[in-house]
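Here are the chains, one letter per residue:
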Amino acid sequence: QVQLVESGGGLVQAGGSLRLSCAASGRTFSGYHMGWFRQAPGKEREFVAAISWSGGRTDYAETVKGRFTISRDSGKNTVYLQMNSLKPEDTAAYYCAVRLGIYPSSDYDVPARYVHWGQGIQVTVSS
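Summary of the structure given here.

Brief notes about the environment of Gly10
- With respect to the element layout, Gly10 can be found in strand β2 (residues 10-13).
- A relative accessible area of 26% means that Gly10 is categorised as partly exposed.
- Gly10 sits 112 residues away from Gln122 along the chain, and the two C-alpha atoms are 6.2 Å apart.

Written out as C-alpha cells, the structure reads:
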C-alpha cells in the first residue's frame, strides 16, 4: 500500500506563490507516475499537472501552464507543485495521486486512472 501526505498549503494573496509537497511512503516511489489534481466546492475534481516516474515528461492543464511547475525528488520520495502568480480561481483542495504502468500519452488528466490518493490540502487565494 502507498501513503501520500500533502503539505504546504495555506492562504496567500493573489499574485503570490506556494509550493506544495507530497511525500510518499509504503512502496518504491521511483516507479510511480504522479499527478496533482484540485477540487473546489461544488465542482468536479480537475487535473492540474502530472509527471512521469523519471521526471522526463510533464503535462499541465491549460489553466496553470506557465504558472505552475511539477517536479520530483525520488531520493526524498516527494513530488512538488510550485505555484506562482496565484489567482483566486486557483482556490481549491489540492490532491496528489499515484499512477502505475506506462506514462500515458493522452489520459494523464483522468482521475480514475490514478490508484492512490492523498487526503488533500487546502489552498486559498485572496483577491
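Details of the pairing of strand β1 (residues 3-7)
- On β1, burial follows the alternation: Leu4 and Glu6 on one face are buried, whereas Gln3, Val5 and Ser7 on the facing-out side are not.
- Two elements, β1 and strand β3 (residues 18-25), share five bridges in a ladder whose sense is antiparallel. Bridging across to β3, Leu4 finds its partner in Ala24.

Thoughts on the nonpolar core
- Core analysis: the biggest nonpolar cluster contains 37 residues, and Trp36, Leu81, Met83 and Tyr94 have the highest contact counts within it.
- Discounting chain neighbours no more than four positions away, the residues touching Met83 are Gly16, Ser17, Leu18, Leu20, Arg67, Phe68, Tyr94 and Val123.

A short note on the pairing of strand β7 (residues 68-73)
- Residue alternation in β7 divides its side chains into a buried set, Phe68, Ile70 and Arg72, and an unburied set, Thr69, Ser71 and Asp73.
- Linking β7 back to strand β8 (residues 78-83) in an antiparallel pair, the connection comprises four residues, with Asn77 at a positive phi of about 50°.

As for the pattern of salt bridges
- Within the structure shown, the criterion is met by seven salt bridges.
- The salt bridge involving Arg38 is made with Glu46; its shortest N-O contact spans 2.5 Å.
- Using a relative accessible area of 5% as the deciding quantity, one classes Arg38 as buried.
- Residue class for Glu46 comes out partly exposed when judged on its relative accessible area of 35%.
- Arg67 is the partner of Asp90 in a salt bridge, and the nearest nitrogen-oxygen pair spans 2.8 Å. You can see Asp90 sitting in the loop between β8 and β9 (92-99) and its partner Arg67 sitting in the loop between β6 (58-60) and β7, a full 23 residues away along the chain.
- Through salt bridges that share partners, Arg38, Glu46, Arg67 and Asp90 make up one connected network.

About the cut-offs
- Residues numbered from 1 in each chain as written.
- Predicted model: local features only at pLDDT ≥ 70, side-chain atom pairs only at ≥ 80, totals over all residues.
- Heavy atoms only, no water.
- Helix = DSSP H or I, 4+ residues; strand = E, 2+ residues; numbered from the N terminus.
- Buried < 20%, exposed > 50% of the residue type's maximum accessible area, 1.4 Å probe, protein only.
- Pairing = 2+ DSSP bridges.
- Core = buried A, V, L, I, M, F, W, Y, C linked by side-chain atoms within 4.5 Å.
- Contact = heavy atoms within 4.5 Å.
- Salt bridge = Lys/Arg side-chain N within 4 Å of Asp/Glu carboxyl O.

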